[in-house]
Amino acid sequence: MKSLLPIVIVLALASAYGFWYQRSRGVVKPKERAGVITAQMIGGPLGTRASLVQFSSAFCTPCRATRALLENVVEDLDDVVHIDIDAEDHLELVRQLNILSTPTTLILDSKGHEVGRAVGAPKREQVLNALAAIR
């Protein structure tokens, strides 16, 4: 029985980490207003209400799904833009904005303040709810 105890402990810890990791990915979390992100920094104009700035990488499968989702969301919204940034080509910006993995989507208000961040592939409802909170 003693020989199984370490295995049970390791499995419990690994399972707990796995559940935490799954629940934390793709969730849009509100962000305290920090510095301003300008159109020059992200290489495109900000939306008149909001901007969805996605950081992706070439071989990231969730990045492609996130890109399709965000493009679909902004398709019907004239005042929201989607900007896709290749993280590998913009390493200084990635460091400056503390982007730790791809896909990461920043939700900016019209002035360039980060009001939300989704690490991983967000759900459509989460993006729409975050956009609805921006007036």
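Let us look at the structure shown here. (Residues numbered from 1 in each chain as written. Predicted model: local features only at pLDDT ≥ 70, side-chain atom pairs only at ≥ 80, totals over all residues. Heavy atoms only, no water.)

## Some words on the nonpolar core
- Counting residues in hydrophobic clusters, the biggest one holds 14 residues, and the most contacted among them are Leu52, Val80, Ile107, Val127 and Leu131.
- Taken together, the elements giving at least two residues each to this core come down to β2 (50-56), α3 (61-75) and α5 (124-132).
- Looking at this core element by element, the count peaks at four residues for α3.
- Core analysis: the next-biggest nonpolar cluster, separate from the first, contains 13 residues, Ile37, Phe55, Leu93 and Leu106 among them. (Core = buried A, V, L, I, M, F, W, Y, C linked by side-chain atoms within 4.5 Å. Buried < 20%, exposed > 50% of the residue type's maximum accessible area, 1.4 Å probe, protein only. Helix = DSSP H or I, 4+ residues; strand = E, 2+ residues; numbered from the N terminus.)

## Focus on α5
- Within α5 the residues assigned to the buried category are Val127, Ala130 and Leu131. Take α5 and look down its axis: the buried residues cluster within an arc of 100°, on one side only. With respect to the buried face of α5, the exposed residues turned more than 90 degrees away are Glu125 and Asn129. (Arc of directions from axis to C-beta.)

## Details of the pairing of strand β3 (residues 80-86)
- Sheet topology note: the β2/β3 ladder contains seven bridges and is parallel. Residue pairing for β3: glutamine 54 is matched across the bridge by aspartate 84.
- In this view, the connection linking β2 to its parallel neighbour β3 by way of α3 has right-handed handedness. (Pairing = 2+ DSSP bridges. Right-handed = clockwise from strand over helix to strand, strands pointing away.)

## Some thoughts on the packing of α3 against α5
- Where α3 contacts α5, the two axes come as close as 10 Å, and the packing angle between them is 45°. Regarding the angle of α3 to α5, the classification is oblique. Helix-helix and strand crossings are classified by hand; for α3 and α5 the assignment is right-handed. Every residue of α5 that contacts α3 at Leu69, Leu70, Asn72 and Val73 is listed here: Arg124, Val127, Leu128 and Leu131.
- Broken down by class, the residue content of the contact of α3 with α5 amounts to six nonpolar, one polar and one charged. (Axes fitted to C-alpha atoms, helices over the stretch in contact; angles between N-to-C directions. Parallel < 35°, antiparallel > 145°, perpendicular 65-115°, else oblique. Left-handed = near helix turned anticlockwise from the far one by under 90°. Contact = heavy atoms within 4.5 Å. Nonpolar A, V, L, I, M, F, W, Y, C, P; charged D, E, K, R; others polar.)

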